[in-house]
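Each chain is listed here by its residues.
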Amino acid sequence: MISATLEKKVDFNQVKKERVAIVTGPKAFFPAVERIVFEGPASDNPLSFCYYDENKIVNGKTMKEHLRFAVAYWHTLCGDGVDMFGGPTRQWPWLSASDPLQAGRDKMDAAFEFITKLGAPFYCFHDTDLVDQAATVKESEKRLQAMVDYAKEKQKASGVQLLWGTANLFSHARYMNGAATNPEFSVLAQAGAQVKSALDATIALGGKGYVFWGGREGYMSLLNTNMKREVEHLGRFLALARDYARKNGFTGTFYIEPKPMEPTKHQYDFDAAAVLNFLRHYDLLGDFKLNIEVNHATLAGHTFQHELQAAADAGALASIDANRGDYQNGWDTDEFPMDIFELTQAMLVILEAGGLKPGGINFDAKLRRNSIDLTDLFAAHINGMDTFARSLLAADKLLQNSPYRAWRKERYASFDSGDGARFEAGGMTLESLRDFAVQNGEPVPKSGKQELYEMLINKYL
Ligand code: XUL
Ligand code: CO
């Protein structure tokens, strides 16, 4: 097993100030692509940034520090285009080895070459993205340990860091009835073994965070489900994971990533409000924060901004999974983000909440099934990064130069003094509210001015 002492020798938390260094494996997988650089909005080179200028200072921090981009191993390295109606459409050259460890190393060579050519400072993985699981717990632990050793070298050579790790507790058939919420204890124990090993990996690689996305932690039918018992098991399971990680030197943040459904009919981590209630109930809010995903928010019937705000108001907004859904259907389509109007509104919430830290922006997004060129992977990420950079610039200007903040403050001005302020401070009773209403008479109607706010946002894009 990976020991905490071994971890302490390698200080991956030393953030390299300079750009990540390009790191290729024995052979380059993207020989036609050079380092992607900022060329400005006038550039017509699709393999360059028009807006993401990592060293540009925006309100006292570089763009790189604000945005903390991460590449998601599962979509970017493992996604082969398979869908419910058909097999793979892409034969990425790093996915061909039959030996699992060789396949893991090839994938990691491709991962670091891609990440460093793109210039993203972070990456994220599930245990099973790094290497296929074996038939036994012990063999799976050994395989993951081997990949961790390889990743350590790559991180050191490049300066790329691990934003978060996680365990895939939803793909294997044993988890068809859930993992930590499985009605069968022996399955829950398997999930425990897997989380222990994924935590060891995350700690050894200096991960800033560890994510729990409850893929099958929910139900398909309430008829066969004891919801109360299952949710209690989840609370206890997360506490055990937290205790183990803390005991072994993990100083990062745990995240829960809310999602209402898919793959189960109903997931317990439905949305930010449900997760916050759960974390409070099980006394986990000190260690756990939220990782908000765009397409999960819209699946829950919310906007992305709503979920960000709900998390931020509880002091629990720390990281996001960037993608977007499709307005014409209700699935988790995980498309790359590209809507500046929407993301500017999201960045307003993020900036007002003090930014994303220790988390970042993880591209939990996949190429469309019919995008099959290596350069499509770059185009997708470059456009996503540029979209966030533009949104950051617009949101920062809105907050610094526009009347946006003042307008919202003014809307609540009646609570800033007099009886309104007394009410907020807890100094009024229902009777005194009544007396005020009698004396004041019918309130003068005030416009919500939504259209004016929308106009203001558009002006700054
Ligand atoms: C699934 C999803 C996951 C989590 C990590 O919808 O978002 O990829 O981000 O398990
Ligand atoms: Co996600």
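Residues numbered from 1 in each chain as written. Chains lettered and ligands numbered in written order. Predicted model: local features only at pLDDT ≥ 70, side-chain atom pairs only at ≥ 80, totals over all residues. Heavy atoms only, no water.

A.B. asks: Explain the packing of aromatic side chains residue by residue, including any values.
C.D. replies: Applying the stated rule across the entire model yields 26 aromatic pairs. Ring centres of F170 and W213 lie 4.7 Å apart, and the angle between their planes is 70 degrees; this geometry places the pair in the edge-to-face category. With F170 in the loop between β5 (161-166) and α7 (185-204) and W213 in the loop between β6 (209-212) and β7 (218-219), the pair connects residues that are 43 residues apart, well separated along the chain. For the ring pair Y219 and Y268, a centre distance of 6.3 Å and an interplane angle of 55 degrees mean the geometry is tilted. Remark: Y268 occurs in the loop between β9 (266-267) and α9 (272-281) and Y219 occurs in strand β7; sequence separation between them is 49 residues. In textbook terms, an aromatic cluster arises when at least three aromatic residues are bridged by ring pairs, as seen for F29, F30, W92, W94, F114 and F378. (Phe/Tyr/Trp six-rings, centres within 6.5 Å; stacked < 30°, edge-to-face > 60°. Helix = DSSP H or I, 4+ residues; strand = E, 2+ residues; numbered from the N terminus.)

A.B. asks: Report on the coordination of the cobalt ion (ligand 2), specifying residues and quantitative values.
C.D. replies: Of the protein atoms, only E257 (OE), E293 (OE), D321 (OD) and D364 (OD) coordinate the cobalt ion (ligand 2), at distances of 1.9 to 2.1 Å. Taken together, the six donor atoms coordinating the cobalt ion (ligand 2) span angles of 80 to 172 degrees at the metal, a pattern that classifies the geometry as octahedral. Counting the intervening residues between successive donors of the cobalt ion (ligand 2) yields the motif E-x35-E-x27-D-x42-D. Here E293 is found in strand β10 (residues 288-293), whereas its partner D321 is found in strand β11 (residues 317-321), with 28 residues between them in sequence. The pair formed by E293 and D321 is uniform in burial state, with each residue classed as buried. (Donors = N, O, S within 2.8 Å, 3.2 Å for Na, K, Ca; no water. Tetrahedral: all angles 85-135°; square planar, octahedral: opposite > 155°, others 65-115°. Buried < 20%, exposed > 50% of the residue type's maximum accessible area, 1.4 Å probe, protein only.)

A.B. asks: Outline the layout of surface pockets, supporting the account with residue identities and numerical values.
C.D. replies: Counted as a void, the largest pocket has a volume near 1400 Å³. Together, 40 residues line the largest pocket, and H75, E262, D332, D334 and K366 are the ones closest to its centre. Counting only elements with at least two residues in the lining of the largest pocket, the list comes to α3 (73-76) and β5. Taken together, the residues of the lining of the largest pocket sort by class into twelve nonpolar, ten polar and 18 charged. When its volume is computed, the second largest pocket comes out at roughly 570 Å³. Secondary structure elements with two or more residues in the lining of the second largest pocket: α11 (304-313), α12 (340-352), α14 (404-411) and α17 (450-460). Residue composition of the lining of the second largest pocket, by class: seven nonpolar, seven polar and three charged. (1 Å grid on protein atoms, 1.4 Å probe; cavity = no way out; pocket = protein on both sides within 12 Å on 5 of 7 lines; lining within 4 Å. Points joined across faces, edges and corners; volume = space filled by probe spheres on them. Nonpolar A, V, L, I, M, F, W, Y, C, P; charged D, E, K, R; others polar.)

A.B. asks: Can you tell me about empty space enclosed by the protein, naming the residues and giving the values?
C.D. replies: Enumeration over the complete set of coordinates arrives at four cavities of 30 Å³ or more. Empty space within the largest cavity amounts to approximately 160 Å³. Lining the largest cavity are 19 residues, and of these L169, F212, W213, G214 and E217 sit closest to its centre. Elements with a minimum of two residues in the lining of the largest cavity: β6 and α8 (227-247).

A.B. asks: Describe the site of ligand 1, naming the residues involved and giving the relevant values.
C.D. replies: Every residue lining ligand 1 is accounted for by W74, H126, W213, E257, K259, E293, H296, D321, D332 and D364. Coverage of ligand 1 by the protein amounts to 93% of the 300 Å² it exposes when considered alone. Assessed atom by atom at 2 Å from the grid points, ligand 1 resides in the largest pocket. Grouping the constituent residues of the shell around ligand 1 by class yields two nonpolar, two polar and six charged. (Near = heavy atom within 4 Å. Areas by Shrake-Rupley, 256 points an atom, 1.4 Å probe, with all protein chains shown as cover. Sits in = over half its atoms within 2 Å of the grid points.)

A.B. asks: An account of the sheet that holds strand β4 (residues 122-126) is requested, with residue identities and associated values reported.
C.D. replies: Pairing is parallel around the closed barrel formed by eight strands, whose spatial order is β3-β4-β5-β6-β8-β10-β11-β12. Going from strand to strand, the sheet's axes swing by 30 degrees on average, the running direction of each strand aside. Relative to strand β12 (residues 361-363), β11 runs parallel, the two sharing two bridges. Opposite I320, over in β12, you have I361 as the bridge partner. Packed on one face of the sheet, α7 meets β5, β6 and β8 (253-256) and runs near 155 degrees to β6. Against the sheet, α11 touches β10 and β11, its axis set at about 170 degrees to β10. (Pairing = 2+ DSSP bridges. Axes fitted to C-alpha atoms, helices over the stretch in contact; angles between N-to-C directions. Contact = heavy atoms within 4.5 Å.)

All we've got here are geometric facts, nothing functional implied.
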